[in-house]
Amino acid sequence: MAAMQTTALSGIGVLVTRPAQQADALCALIEQSGGLALRMPVIEIAEVAPNPELERVITALPACGIALFISANAVRFGVPLVTKKWGPWPTHTRIGAVGQSTAQALAAAGLNVDVAPAAEFSSEGLLALPALQDVANQRIVIFRGVGGREALADTLRQRGAQVDYAEVYRRVRPTGELSDYLTAAQRDALDVIIVTSNEGVENLFAMAGERWRPWLLQQQLVVVGPRAAQRARELGFVQPAFIAAQASDEGLINAVQTWRAQQHAG
């Protein structure tokens, strides 16, 4: 991506709600654009305990035609399990990524991505790809966190595939509250909140508590898909959430810049 304009977010306070270990790059881009980056992780990522089902799926990986990774965390926790079991990635198992951040994580792990959306970075985007149309009798494994949406697996099964989950991490809501992360001065400096999942919207709402919830519901959200925007509406956020065109760090920065330009135009 081209270098950020150093004043593109001048005077804008942006709250980043990503897990602590995944927030650095986005915060750096905000600051490079002249903005103020604030942090409040609303999800913690933890490994899952070893279990027979996960061992079974990893053991059967070489027999799978496609392995789909749903997030960068799926790569972070899943690839080492495969490496520990098999060494190099199994030759005949193609690799799919739901979006750019996931594909970048796979590339950083030394793996080539064979199947990935070019624009719509979601399960629906994956399902629209030619490589996932004729999958009858194929074995597919989906690397993901514990729980989550079933649409991807359900549709692949309807198309005749045999689908297993490799649930390699779990999401945990932090124990802290909003006031543990943001001072009064920081709350006053805040203009927009970036939330990158449905669960993140829900955890943010819960962590505000009764005291800060009225304040929170007045804030502007930037999210990565219509489902998160809908969930924000259901929870009572007053301003319609601004939906980023891409879920990457650069896409989120562009969304904040676009939102700001629209505010000025209005």
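Residues numbered from 1 in each chain as written. Predicted model: local features only at pLDDT ≥ 70, side-chain atom pairs only at ≥ 80, totals over all residues. Heavy atoms only, no water.

1. Considerations on the nonpolar core
Definition in use: By nonpolar core we mean a set of buried residues, namely Ala, Val, Leu, Ile, Met, Phe, Trp, Tyr and Cys, connected to one another through side-chain atoms within 4.5 Å. Buried means the residue's accessible area, taken with a 1.4 Å probe over protein chains only, is under 20% of the maximum for its type, while exposed means over 50%, and partly exposed covers the values in between.
Phe 69, Trp 89, Phe 143 and Leu 221 are the most contacted members of the largest nonpolar core, which totals 50 residues. By size, the runner-up hydrophobic cluster in this structure holds 20 residues, among which are Leu 9, Ile 12, Val 14 and Val 16.

2. Focus: the sheet that holds strand E6 (residues 139-145)
Threshold: DSSP-based pairing: two strands are paired if at least 2 bridges between them are found. The secondary structure listing takes helices from DSSP runs of H or I that are at least 4 residues long and strands from runs of E that are at least 2 residues long, numbered from the N terminus. To define axes, lines are fitted to C-alpha atoms, for helices over the stretch in contact only, and angles between the resulting N-to-C directions are given on a 0 to 180 degree scale. Residues are treated as being in contact if the distance between any of their heavy atoms lies within 4.5 Å.
Strand order across the open sheet formed by five strands is E3-E7-E6-E4-E5, with mixed pairing between neighbours. Each end of this open sheet is capped by a strand with a single partner; those strands are strand E3 (44-47) and strand E5 (94-97). On average, each strand axis in the sheet is inclined to that of its neighbour by 25 degrees, with strand direction left out of account. By the bridge criterion, four bridges tie strand E4 (residues 66-69) to E6 in an arrangement that is parallel. Across the sheet, Ala 67 pairs through a bridge with Val 141, a residue of E6. Its contacts with the sheet place helix H6 (residues 151-158) against E4, E6 and strand E7 (162-172), and it is angled at close to 180 degrees to E7.

3. Digging into the sheet that holds strand E1 (residues 13-16)
An order of E2-E1-E8-E9-E10 is seen for the five strands of this open sheet, with the pairing classed as parallel. Unpaired on one side and paired on the other, strand E2 (36-39) and strand E10 (242-243) mark the two borders of the sheet. Two strands pair when backbone bridges link them, and strand E9 (residues 220-223) and E10 are joined in this way by two bridges, in the parallel orientation. When the bridges of E10 are listed, Val 222 appears paired with Phe 242.

4. Focus on the pattern of salt bridges
The following threshold applies: We define a salt bridge as a side-chain nitrogen of Lys or Arg found within 4 Å of a carboxyl oxygen belonging to Asp or Glu.
On inspection of all chains with the given rule, the structure shows eleven salt bridges. In this structure, Lys 85 and Glu 55 form a salt bridge, with 3.2 Å as the shortest nitrogen-oxygen distance. With Lys 85 in helix H3 (residues 72-86) and Glu 55 in helix H2 (residues 52-59), the pair connects residues that are 30 residues apart, well separated along the chain. Judged by relative accessible area, which is 42%, Glu 55 ranks as partly exposed. For the salt bridge of Asp 154 with Arg 157, the shortest nitrogen-to-oxygen distance reads 3.9 Å. With Asp 154 and Arg 157 both in helix H6 and three residues apart, this pair spans about one turn of that helix. Each of Glu 53, Arg 56 and Asp 164 takes part in salt bridges that share partners, so that together they form one network.

5. Description of unusual backbone geometry
With a phi close to 70 degrees, Asn 137 is a non-glycine residue in the positive phi region. Along the polypeptide, Asn 137 turns up in the loop between helix H5 (123-127) and E6.

6. Overview of H6
Cut-off, in case you're wondering: Arc, as used here, means the arc of the directions from the helix axis to the C-beta atoms.
Along H6, the residues classified as buried are Leu 152, Ala 153 and Leu 156. With its buried residues spanning 95 degrees around the axis, H6 presents them on a single face. On its buried face, H6 is in contact with E4, H5, E6 and E7. Gly 160, located one to two residues past H6, shows a positive phi value of around 100 degrees.

7. Description of the packing of aromatic side chains
Our working rule: Aromatic pairs are defined between Phe, Tyr and Trp rings, using the six-membered ring for Trp, whenever the two ring centres lie within 6.5 Å; interplanar angles under 30 degrees are classed as stacked, those over 60 as edge-to-face, and all others as tilted. Both a distance and an angle decide whether a charge sits over a ring: NZ of Lys or CZ of Arg must be within 6 Å of the ring centre and within 35 degrees of the ring normal.
As enumerated under the stated definition, the model contains three aromatic pairs in all. Taking the centre distance of 4.5 Å and the plane angle of 10 degrees together, the rings of Phe 69 and Phe 143 count as stacked. Taken together, the residues span a long stretch of sequence, with Phe 69 in strand E4 and Phe 143 in strand E6 at a distance of 74 residues. Accessibility assignment for this pair places Phe 69 and Phe 143 in one class, buried. Put simply, the rings of Phe 69, Trp 89 and Phe 143 touch in pairs and so form one group of aromatic residues. Above the ring of Trp 212, the side-chain terminus of Arg 187 is found at 3.7 Å from the ring centroid. The side chain of Arg 213 reaches across the aromatic face of Phe 205, ending 4.3 Å from its centre.

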